[in-house]
Protein chains: 2
Amino acid sequence: MAAYVVGHKNPDTDSITAAIAVADLMTKRGIEAVAAAQGKTNPETDFVLGKFGVKAPEIVTDATDKKIILVDHSDLAQSLENLSKGEILGVVDHHKLGDVTTPNPLEMWVWPVGCTGTIISSMYDFYGIEMPKAIAGIVLCAILSDTVMFKSPTCTPEDKKACDKLAKIAGVTDMMALGMEMFKVKSAVDGTPIRDLVYRDYKDFNMSGTGVGIGQLEVVDLSILDKYKAELQADIVKVKAEKGLHSVFLLLTDIMKEGSEMLIASDDPSVVEKAFGLKPEGTSVWMPGVMSRKKDVVPKFEKVFGA
Amino acid sequence: MAAYVVGHKNPDTDSITAAIAVADLMTKRGIEAVAAAQGKTNPETDFVLGKFGVKAPEIVTDATDKKIILVDHSDLAQSLENLSKGEILGVVDHHKLGDVTTPNPLEMWVWPVGCTGTIISSMYDFYGIEMPKAIAGIVLCAILSDTVMFKSPTCTPEDKKACDKLAKIAGVTDMMALGMEMFKVKSAVDGTPIRDLVYRDYKDFNMSGTGVGIGQLEVVDLSILDKYKAELQADIVKVKAEKGLHSVFLLLTDIMKEGSEMLIASDDPSVVEKAFGLKPEGTSVWMPGVMSRKKDVVPKFEKVFGA
């Protein structure tokens, strides 16, 4: 039985391309594996897969009786249903260590780098396996996306090194042009249902027992979101109620200005000031320099909710 | 502030030598680190360190305000006090994934191999750093110990390959002779307090909320334990009561006969038959082929206690 390689809920480009790449690598190492995803691909990922002619993974949502390799997450809340009824063979991730546990020894590649793709690039080297051209292309895009073209504070020298290597394999001569093309697709919001925007890159966290949802929309220019802000704010209030969460935050990130506006729906909005030392006006606050949910936002909220 | 590299409670040779090796490797990578241990070294480890002229790590039991790198475990029950008040930079381990979590991204090297030392040997290669001769010697001994000289079911081809490489670096021409010498030291029980024997390689597990302690004594010939069995049995009953556990099991492993006698102290001794399909006589049962707590014993109990 082939193992399923699967990223987090509401898959982003890293989760999808990491699943595809790790499935390729594992199969070539003799551990038969297929790529899977917990949901359909977003417009950015569709652009990336289309660009390099790779098809989207099959949808899998339940781990029962399956062999599983997790990529791009290690939190139960972000993972498959019934994860404990499957067998976890491995984890490849670049986030904090979550609450997934296993009854058996497993293989884990977890590094504090900007993107799972960077680790995968080194794994191919480590096992002496050649990365296919198309997979190098999509993994390159994942790193450019996760590091916001090297501007995110999560970006490390390893990420840049991996991109140089992958661009050569993929035959990409101008990776920054490719990145801008991708971010323009990501910025497109007109005609998209509001809920899809909230969920485009959204994750639930269990912070010391408190349920917190954090979404992020990255755009090349924040002004394109002006006419949607009121609707986005109304919708995160709804998401909070529907999911029974303490708080839902939506980061509207301007990748050129390098900062984020945070929209707030919370039982206790003072957590924002406690975490960031910035006073919201109404239900929103501009956060200069805040680019990364993982590095700039989650640890600060974890501290406040854990206190 | 240097990071402390530390293995599990009741440290065995792998926990001690992994701490020493990872501290060396990290420091050479530019991350200042010192080896630590949660308790004093056992006779086997003293023999190994003495053989290669390496001194024992300092004792550290509390993580508060420290940077920490965990080796040879990822379970809170086996780790430092106040782990959440320290900062975990990394984990190097070969066990099942435990319940340690982190608020920040970290570096993890976890492989399903017989010994942490095997992973560390590859980490030196990966980072292009030369392993010092003495460290190669002690890590070689750790692999020989954890894999019971390649006889344990946990032993993988990677473990053997690592030993070949490490023996060359350490200048060890007959690794099996070194292994037998080490196991004879490990087998020595005369004059040792009974509680020290129970705790020589003892771990507490949280199995779906149930507290279970499992110790193991490896000897080159089980008959040398005959005169101590009654005292060992009486003492695990005491350990169980003192720690408020559901069960304490002590494996008396005969590395030449390749099997273990299990001594049982349990609120519900039927768990042993449920887990292994072997009926104890009184408070003891012989288990042919059972060599490894991790591979042969823990998963079976996890299943029964999780059901």
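For every chain, the first residue of the written sequence is number 1, and numbering continues from 1 onward in sequence order. Chains carry letters and ligands carry numbers; both start at the beginning, A for chains and 1 for ligands, and go up in the order they are written. With the structure being a predicted model, the display of local features is reserved for residues of pLDDT at least 70 and the display and counting of side-chain atom pairs for 80 or more, all residues being used for whole-chain, interface and lining totals. Think of the side-chain values as coming from all heavy atoms in the structure, minus any hydrogens and water.

Quick look at the overall build of chain A now. In terms of regular secondary structure, chain A is built from 10 helices and 11 strands. Taking 307 residues into account, the globule formula puts the C-alpha radius of gyration at 19 Å, and chain A, at 19 Å, falls close to it. Burial classes: relative accessible area under 20% of the type maximum marks a residue as buried, over 50% as exposed, and values in between as partly exposed (1.4 Å probe, protein chains only). Within chain A, buried positions represent 61% of all 307 residues. A separation threshold of at least 6 residues defines the contact pool for chain A, and within that pool the share at least 24 residues apart is 62%. As presented, chain A carries roughly 11,700 Å² of accessible surface, and 53% of it is formed by carbon and sulfur atoms. Under the counting rule used here, the positive set is Lys and Arg, the negative set is Asp and Glu, and His together with the chain ends is not counted. To locate a charge, take NZ of a lysine, CZ of an arginine, CG of an aspartate or CD of a glutamate. If you average the places of the 34 positive and of the 43 negative side-chain charges in chain A, the two averages end up 1 Å apart. Counting from the N terminus, the helices are the DSSP runs of H or I reaching at least four residues and the strands are the DSSP runs of E reaching at least two. The quantity called the radius of gyration is restricted to C-alpha atoms. Its globule counterpart is 2.2 Å times the number of residues to the power 0.38. When checking whether two residues touch, look at their non-hydrogen atoms; a contact exists if any pair is within 4.5 Å. Per-residue and other accessible areas were derived by the Shrake-Rupley procedure at a 1.4 Å probe size, with only the shown protein chains allowed to occlude residues.

What follows deals with helix H1 (residues 13-29) of chain A. All names here are of chain A. An ideal rise of 1.5 Å per residue puts 24 Å on 17 residues; H1 measures up with 24 Å between its terminal C-alpha atoms. The element H1 is extensively covered by neighbouring structure, given that 14 of its 17 residues are classed as buried. Gly30, located one to two residues past H1, shows a positive phi value of around 100°. One less than the residue count of a helix, multiplied by 1.5 Å, gives the span that helix is expected to have.

Take the interface of chain A and chain B next. Contacts between the two partners involve 23 residues from chain A and, on the opposite side, 23 residues from chain B. Summed over both partners, the accessible surface that disappears when two parts come together, traced with a 1.4 Å probe, is what is meant by buried area. Carbon and sulfur atoms make up 70% of the area that chain A and chain B hide from each other, which totals about 2,200 Å². Definition used for salt bridges: Asp or Glu carboxyl oxygen within 4 Å of a side-chain nitrogen of Lys or Arg. Here chain A and chain B share zero salt bridges between them. Any pair of N or O atoms that falls within 3.5 Å is considered a polar contact. Within protein, one atom must be able to donate a hydrogen and the other to accept it, and sequence-neighbouring residues count only if both atoms are side-chain atoms. At the surface where chain A touches chain B, the tally comes to four residue pairs in polar contact (both at pLDDT 80 or more). At the level of elements, strand S6 (107-110), helix H3 (116-126) and helix H10 (293-306) of chain A are the ones that each hand at least two residues to the side of chain A that touches chain B. Under the grouping applied here, Gly and all other residues not named as nonpolar or charged are polar, the nonpolar ones being Ala, Val, Leu, Ile, Met, Phe, Trp, Tyr, Cys and Pro and the charged ones Asp, Glu, Lys and Arg. Grouping the amino acids of the side of chain A that touches chain B by side-chain chemistry returns 12 nonpolar, seven polar and four charged. When DSSP finds at least two bridges between two strands, those strands are taken to pair. Examined bridge by bridge, S6(A) and strand S6 (residues 107-110) of chain B share three bridges and lie antiparallel to one another. Each bridged residue has a counterpart across the sheet, and for A:Trp109 the counterpart in S6(B) is B:Trp109.

Next up on the list: the packing of aromatic side chains. For Phe, Tyr and Trp, where Trp contributes only its six-membered ring, two rings pair if their centres lie within 6.5 Å, and the inter-plane angle classes them as stacked under 30 degrees, edge-to-face over 60, or tilted in between. Counted under the stated rule, the structure contains 22 aromatic pairs over all chains. Taking the centre distance of 5.2 Å and the plane angle of 50° together, the rings of A:Trp109 and B:Trp109 count as tilted. One end of the pair, A:Trp109, is in strand S6; the other, B:Trp109, is in strand S6, on a second chain. Each of the two residues, A:Trp109 as well as B:Trp109, counts as buried.

Take the sheet that holds strand S9 (residues 247-254) of chain A next. Residue and element names in this part refer to chain A. The strand order across the open sheet built from five strands is S7-S8-S9-S10-S11, with neighbouring strands paired in mixed fashion. Looking at the sheet topology across the chains shown, the edges are occupied by strand S7 (202-207) and strand S11 (284-288). Sheet twist, expressed as the mean angle between neighbouring strand axes with direction ignored, is 25°. In the sheet, strand S10 (residues 259-266) pairs with S11 via five bridges, with the strands oriented antiparallel. Within the sheet, the bridge partner assigned to Glu261 lies in S11 and is Trp286. Under this scheme, a helix contributes an axis fitted over its contacting stretch, all axes are lines through C-alpha atoms, and angles between N-to-C directions fall in the 0 to 180 degree range. Sitting on the sheet, helix H8 (residues 229-243) touches S7, strand S8 (210-219), S9 and S10, and the angle it makes with S10 is about 45°.

All names here are of chain B. Taking strand neighbours across the sheet as the criterion, the five strands line up as S7-S8-S9-S10-S11 in an open arrangement whose pairing is mixed. Both edges of this open sheet fall to strand S7 (202-207) and strand S11 (284-288), since each of them pairs with a single strand only. Adjacent strand axes in the sheet meet at a mean angle of 25° when their direction is disregarded. Pairing geometry for strand S9 (residues 247-254) and strand S10 (residues 259-266), over eight bridges, is antiparallel. Residue pairing across strands places Thr253 opposite Ser260, the latter belonging to S10. Packed on one face of the sheet, helix H8 (residues 229-243) meets S7, strand S8 (210-219), S9 and S10 and runs near 45° to S10.

Copy-to-copy superposition: least squares on the C-alpha atoms, limited to residues that have pLDDT of at least 70 in both copies. If you rotate chain A by 180° and push it 0.0 Å along the axis, it lands on chain B with an RMSD of 0.0 Å. Here the symmetry operator amounts to a two-fold rotation axis.

All names here are of chain A. All the domain ranges listed were derived from an automatic or database domain assignment. Domain annotation of chain A identifies domain 1 (3-184) and domain 2 (194-306). For domain 1 versus domain 2, the distance between C-alpha centres works out to 25 Å. Contacts between domain 1 and domain 2 engage 19 residues on the former and 18 residues on the latter. Buried area between domain 1 and domain 2, summed over both chains or domains, comes out near 1,800 Å², and the portion from carbon and sulfur atoms is 58%. Three residues stand out in domain 1 for area buried against domain 2, namely Asn10, Lys151 and Pro153, and they jointly supply 29% of the buried area on that side. Between Lys96 and Glu302 there is a salt bridge, and its shortest N-O distance comes to 3.2 Å. At the junction of domain 1 and domain 2, the tally comes to five residue pairs in polar contact (both at pLDDT 80 or more). Considered class by class, the residues forming the side of domain 1 that touches domain 2 number eight nonpolar, nine polar and two charged.

Take the pattern of salt bridges next. Applying the stated criterion across every chain yields a total of 41 salt bridges over all chains. Note that A:Asp125 and A:Lys165 form a salt bridge whose closest N and O atoms lie 3.1 Å from each other. Note that A:Asp125 is positioned in helix H3 and A:Lys165 in helix H5 (residues 157-170), a separation of 40 residues in sequence. Residues B:Lys96 and B:Asp75 are paired through a salt bridge, measuring 3.8 Å at the closest nitrogen-oxygen approach. Highlighted residues: B:Lys96 in the loop between strand S5 (87-93) and S6 and B:Asp75 in the loop between strand S4 (67-71) and S5, separated in sequence by 21 residues.

Here we take up the packing of helix H2 (residues 43-52) of chain B against helix H6 (residues 175-187) of chain B. Residues and elements named next belong to chain B. Two elements in contact, H2 and H6, have axes whose closest approach is 8 Å; the angle formed by their N-to-C orientations is 140°. For the element pair H2 / H6, the angle class is oblique. As for how H2 packs across H6, the hand of that crossing is right-handed. Contacts from Pro43, Glu44, Phe47, Val48, Lys51 and Phe52 of H2 reach H6 at Leu178, Glu181, Met182, Val185 and Lys186. Of the residues in the contact of H2 with H6, the class split is seven nonpolar, no polar and four charged. Roughly parallel means an angle under 35 degrees; roughly antiparallel means over 145; roughly perpendicular covers 65 to 115; every other angle is labelled oblique. The crossing is said to be left-handed when, going from far helix to near helix, the turn is anticlockwise and less than a right angle, and right-handed when the turn is clockwise.

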